[in-house]
Amino acid sequence: MLDVLRLVWFDLKHEIYPPVWIGLQWFSFTIQIFIYGALISQLVNIPQIPNYQEFYAVGFVVMMTFDVGSHAGREFVEAAHEGRLPYLLSLPVSRSKLFLSIALKGGLELALMLMVPFAIILALIGNLTVLSVIAAAAALFCLGFGVAGLMLGLSFIAFKSSDLYVAVTTGLSALLIRFSTVLYPLVFLARASPGYDFVAKFSPLTYGADLVHLALGFDPSMLLNPTIAVAALTALAVSTLGLAVFLLGRLVEGVKSG
Amino acid sequence: MTELLAILQLARNDFSYFFRTKWLMAVLLSLNLSDMLVVALVYKQIIPISKINYFQFFVPAVVVMGMFVAALDTGRRIWLAIREGVIQYYLSLPISTPGIVVAYLLAGGLSAMVYSASLLLVALVVLPVATVGNTLLLLPFLFFLAMGLAGISAALAAVASTHGEYFFAYQQVVQILLLTLSTVYYPIEIIRNYLPTFLTSLVSANPLSLAAQAMRNTFLGNPVQPFSLLNILLASLPFTVIGAVAYLSALRTIQAKGKM
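Below: a short report on this structure. (Residues numbered from 1 in each chain as written. Chains lettered and ligands numbered in written order. Predicted model: local features only at pLDDT ≥ 70, side-chain atom pairs only at ≥ 80, totals over all residues. Heavy atoms only, no water.)

### Structural notes on the packing of helix α3 (residues 52-82) of chain A against helix α6 (residues 130-153) of chain A
Residues and elements named next belong to chain A. Between α3 and α6, whose axes approach to 7 Å, the crossing angle comes to 35°. The two elements α3 and α6 meet at a crossing, and its hand is right-handed. Seen from α3, the contacting residues are Val61, Val62, Thr65, Phe66, Gly69, Ser70, Ala72, Gly73 and Phe76; seen from α6, they are Leu140, Leu143, Gly144, Val147, Ala148, Met151 and Leu152. Here the contact of α3 with α6 is composed, by residue class, of 11 nonpolar, 5 polar and no charged. (Axes fitted to C-alpha atoms, helices over the stretch in contact; angles between N-to-C directions. Helix = DSSP H or I, 4+ residues; strand = E, 2+ residues; numbered from the N terminus. Left-handed = near helix turned anticlockwise from the far one by under 90°. Contact = heavy atoms within 4.5 Å. Nonpolar A, V, L, I, M, F, W, Y, C, P; charged D, E, K, R; others polar.)

As structure tokens, this is what we get:
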């Protein structure tokens, strides 16, 4: 276990010293919620969502989770590209411990990033039970791991061209966010254009966002069935992480990233 | 004449580098097109038409947003040139140091213009304008604005030197502040009701607000006001000058010390 912790710290310390990325995420969140969110909520009118600023704040945290998860996947590819991964593979540590350390590092990073924004959301919404807070946090972590797994699963593209990998993952990220219920309930996607809601059902963020919104007390009539959302999110996390471990076990050994 | 030719060649090189960066094109296009064709459409459903037609309001602003983000990439290219030592090669070329600065700002302005022109074409398809001529009249002024925005980015790259994490942090902070404190996403009346007076004045003077408003007016078929064009020029000029001076002093430091 000490090996795993040492590996986690080896990677995590770059994010903490200096904590530029973490500080930046907190700064973005504050500006987005207290300026953009507050101003746009003066315009938005959804009877079932009396305070759109709160809805947007929760959606923004889901986007941050997605961002951290995809960053973890991209960082792994970068490690392969820059030679850090071959170094890690040469250490006297088993592959399973190595993958465990990557997952743990991702989880810790996510916790660090979300600590302040999540606390602000809880203060904004208020009147929540411990159970609902735990459920929301669990949904966010599940989504984070699922997205990281998805990005790791796509890393086989990077072994052909890292430029193409970044193009695919960043382009995909923007589309997954827009075609999801992070910023607006599903019913309005359907009203905007026929078919948008159908596409949104393929975005993992739709399930993550609706589940977190539900846990934090938003009107369930505007959200997806929670049973389906839980099933989709769990399936995503398990399948993509499983696929990633399977692919990486075969791809990383002795392969150079282009 | 030789100097001018050298500036244009260097600008062309940087201009083509922008469009050859596949991942950047993927990011920009997916962000801006999905903003236009998904976000604007959905927000139109959740914002009452009695308040504002959000699709009509936001689509022209996405063109300006695209120009801003593309212009900001100038800084990334300058930062890369400094970090990877390509700048040393540029300094050895038969071109003056101010010439290098001008070439980068020209390329930054031009690439942002070409990129936003492609978004403008999409906008013209989804939101037909009464008079296309008015919109075209705006373009040269938007080019000045794009140079100013490229100047901001150049200044950030010069300040961050070789520290990548700081450059991207500065860039993100500037991007968030300039976009959030502008009328790109919401009308000025809403801002006036919520933000203090000094911030509302900043929002009104923000070059992105000026450009977004001018673009919206042309889409509505209103004639272009000379005053608004002058405002765009005046708001862009300080950014261009600050960026040029910051980048020039960074290049002079590299010339004198061999590094920053």
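Let's pick the thread back up.
### A look at the side chain of serine 203 of chain A
All names here are of chain A. Mapped onto the elements of the fold, serine 203 is located in the loop between α10 (196-200) and α11 (204-215). At a separation of 3.0 Å, a polar atom in the side chain of serine 203 contacts the main-chain carbonyl oxygen of leucine 176. Not counting residues up to four positions away in its chain, the partners in contact with serine 203 are Leu176, Phe179 and Ser180. (Polar contact = N/O pair within 3.5 Å; in protein donor to acceptor, adjacent residues only side chain to side chain.)

### A short note on the layout of surface pockets
Residues and elements named next belong to chain B. The volume enclosed by the second largest pocket comes to roughly 350 Å³. Every residue lining the second largest pocket is counted, 20 residues in all, and those nearest its centre are Ser209, Leu210, Gln213, Ala214 and Asn217. Counting only elements with at least two residues in the lining of the second largest pocket, the list comes to α8 (188-194), α9 (197-205), α10 (207-219) and α11 (226-257). Take the lining of the second largest pocket: its biggest share by element is 7 residues, from α10. By residue class, the composition of the lining of the second largest pocket is 8 nonpolar, 9 polar and 3 charged. (1 Å grid on protein atoms, 1.4 Å probe; cavity = no way out; pocket = protein on both sides within 12 Å on 5 of 7 lines; lining within 4 Å. Points joined across faces, edges and corners; volume = space filled by probe spheres on them.)

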